[in-house]
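Structural characterization, general
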Amino acid sequence: MVPKFVFCIIPAVLALIGIRKLRERSWGYCRNRVSFDNKVVVITGANSGIGFEVAKELASRNAMVVLACRKLNSAKEAIERIEQQFKRKLKMRAMEVDLASLLSIKQFASNVQKLYPEIHVLVNNAGIAYPKTEKHFTKDGFEIHFGVNHLGHFYLTNLLLDKLKKSTSSRIIIVTSSLLEKGTIDLKNLESGKNLYANSKLANAYFCKELSKRIKDTGVSVYGVCPGWVYTALFRHSIRWYHYIMVAPIAYFFIRSPKQGAQTVIYCASEPGIEPQSGSLFRNCSLYKSKVNFDENLAVQLWNESDRLINQKIK
């Protein structure tokens, strides 16, 4: 005989699964099948998580995908996993870039420029997150969140911009986060604050908006993407095993798989007709209105200060 409590548990479990499915439907899914024939796509942090899923999808659409990763072996292993899944060779190249090193970024950009006359999509995806109690720095002495998440991609994008402009229509995707709403930009001290990760994500959004103005009418569009709460290795340094147990009941309803988190990035890389939205933030494959009241003057000042800090180090 089946215990009575089982008849109570089953409907509850089914209800939870139903709620999860409804939430998943609201997250959006990139449904276009735009071909990437003869297009070059550069993706930072493409060996795992969101970047891996974007690389896999765009490679399957026949793009030439450059997996730009801190560890070359990790990029090569990612290519092997993708090709094993599709059971065929795809156009992918593993390249090394350490976003915590301006020299590494410069060398990577130089190598890419030699290999490809045009770049059609740049996905600034890689990121880092450390506990608030720990202090880490890039090889150039910048606070790690500001240095990698913002300055690294700021420098890389500007180095590759001429190649992006040579394409008749190209796109830059900057992966940020809705946590940007908890961030602040203090121009007098960009490398400190209560929430350094959120600050770096806010800097990403400001970079997106200012870049879109500076490249207007060049054929290059730029979009900021908030992928949602995604189960990736991003917070491996700041979340312990017991945290997962504590948040599991809540996470079940909110956390996305890397494939689900990648959908808006893929959407912004491929969706026809969204060029007029250059400079905007996207989430769930649609425009996202942040609570932040973006200051145009602050965007210019952050750009100028970022440029100054980089030039100060590379001279």
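Before reading on, note that the structure itself is shown above.
Residues numbered from 1 in each chain as written. Predicted model: local features only at pLDDT ≥ 70, side-chain atom pairs only at ≥ 80, totals over all residues. Heavy atoms only, no water.

1. Comments concerning the sheet that holds strand E5 (residues 170-175)
Read from one edge to the other, the open sheet built from 8 strands follows the order E3-E2-E1-E4-E5-E6-E7-E8, with strand pairing classed as mixed. Edge positions in the sheet fall to strand E3 (92-96) and strand E8 (286-287), since each has one partner strand and no second. Sheet analysis places strand E1 (residues 40-44) next to strand E4 (residues 121-124), joined by 3 bridges and oriented parallel. By the bridge assignment, isoleucine 43 is partnered in E4 with valine 123. Packed onto the sheet, helix H4 (residues 102-115) meets E1, strand E2 (64-69) and E3 and runs at close to 150° relative to E3. Sheet strands in contact with helix H6 (residues 196-214) are E5, strand E6 (220-225) and strand E7 (281-283), and its direction is about 160° off that of E5. (Pairing = 2+ DSSP bridges. Helix = DSSP H or I, 4+ residues; strand = E, 2+ residues; numbered from the N terminus. Contact = heavy atoms within 4.5 Å. Axes fitted to C-alpha atoms, helices over the stretch in contact; angles between N-to-C directions.)

2. Details of helix H9 (residues 296-314)
Taking 1.5 Å as the rise per residue, H9 with 19 residues should run 27 Å; its terminal C-alpha atoms sit 28 Å apart, in good agreement. With a side-chain oxygen lying 2.9 Å from the backbone nitrogen of asparagine 297, the N-terminal cap of H9 falls on aspartate 295. (Expected span 1.5 Å × (residues − 1). Polar contact = N/O pair within 3.5 Å; in protein donor to acceptor, adjacent residues only side chain to side chain.)

3. Observations regarding the packing of helix H2 (residues 49-60) against helix H8 (residues 258-270)
Two elements in contact, H2 and H8, have axes separated by 8 Å at closest approach and are oriented at 55°. Comparing their axes, H8 and H2 come out oblique. The way H2 lies across H8 gives a crossing that is right-handed. From H2, Gly49, Ile50, Glu53, Val54, Glu57 and Leu58 reach across to H8, where they touch Pro258, Lys259, Gly261, Ala262, Val265, Ile266 and Ala269. (Parallel < 35°, antiparallel > 145°, perpendicular 65-115°, else oblique. Left-handed = near helix turned anticlockwise from the far one by under 90°.)

4. Focus on unusual backbone geometry
Negative phi is the rule for most residues except glycine; trans is the rule for most peptide bonds. Phi is positive for aspartate 217, close to 70°, though the residue is something other than glycine. On the secondary structure map, aspartate 217 appears in the loop between H6 and E6. Although it is not a glycine, asparagine 284 sits at a positive phi angle of roughly 55°. Topologically, asparagine 284 is positioned in the loop between E7 and E8. Given the relative accessible area of 21%, asparagine 284 is considered partly exposed. (Buried < 20%, exposed > 50% of the residue type's maximum accessible area, 1.4 Å probe, protein only.)

5. What to know about the side chain of histidine 120
In this fold, histidine 120 is placed in the loop between H4 and E4. You can call histidine 120 buried: its relative accessible area is 10%. Engagement of the side chain of histidine 120 in a polar contact is seen with the backbone nitrogen of valine 40, the distance being 2.9 Å. Among the polar contacts made by the side chain of histidine 120, one reaches the side chain of glutamate 118 at a distance of 3.2 Å. Non-local contacts of histidine 120, meaning those with residues more than four positions away in its chain, are made with Asn38, Lys39, Val40, Leu164, Ser167, Ser169, Ser170 and Arg171.

6. A word on the pattern of salt bridges
Across all of its chains, the model carries 9 salt bridges by this definition. A salt bridge links aspartate 98 to lysine 139, with the shortest nitrogen-to-oxygen separation between them at 3.0 Å. Taken together, the residues aspartate 98 in the loop between E3 and H4 and lysine 139 in the loop between E4 and helix H5 (144-165) connect sequence positions 41 residues apart. A relative accessible area of 13% places aspartate 98 in the buried class. Take lysine 139: its relative accessible area is 65%, and that puts it in the exposed class. The partner of glutamate 275 in a salt bridge is arginine 171, and the shortest N-O contact between them spans 2.9 Å. A residue pair is termed long-range when its members are at least 10 positions apart, and glutamate 275 in the loop between H8 and E7 and arginine 171 in strand E5 qualify at 104 residues. On the basis of relative accessible area, arginine 171 is assigned to the buried category, the value being 7%. Salt bridges here are not isolated pairs; linked through shared partners, they connect Arg33, Glu57 and Arg61. (Salt bridge = Lys/Arg side-chain N within 4 Å of Asp/Glu carboxyl O.)

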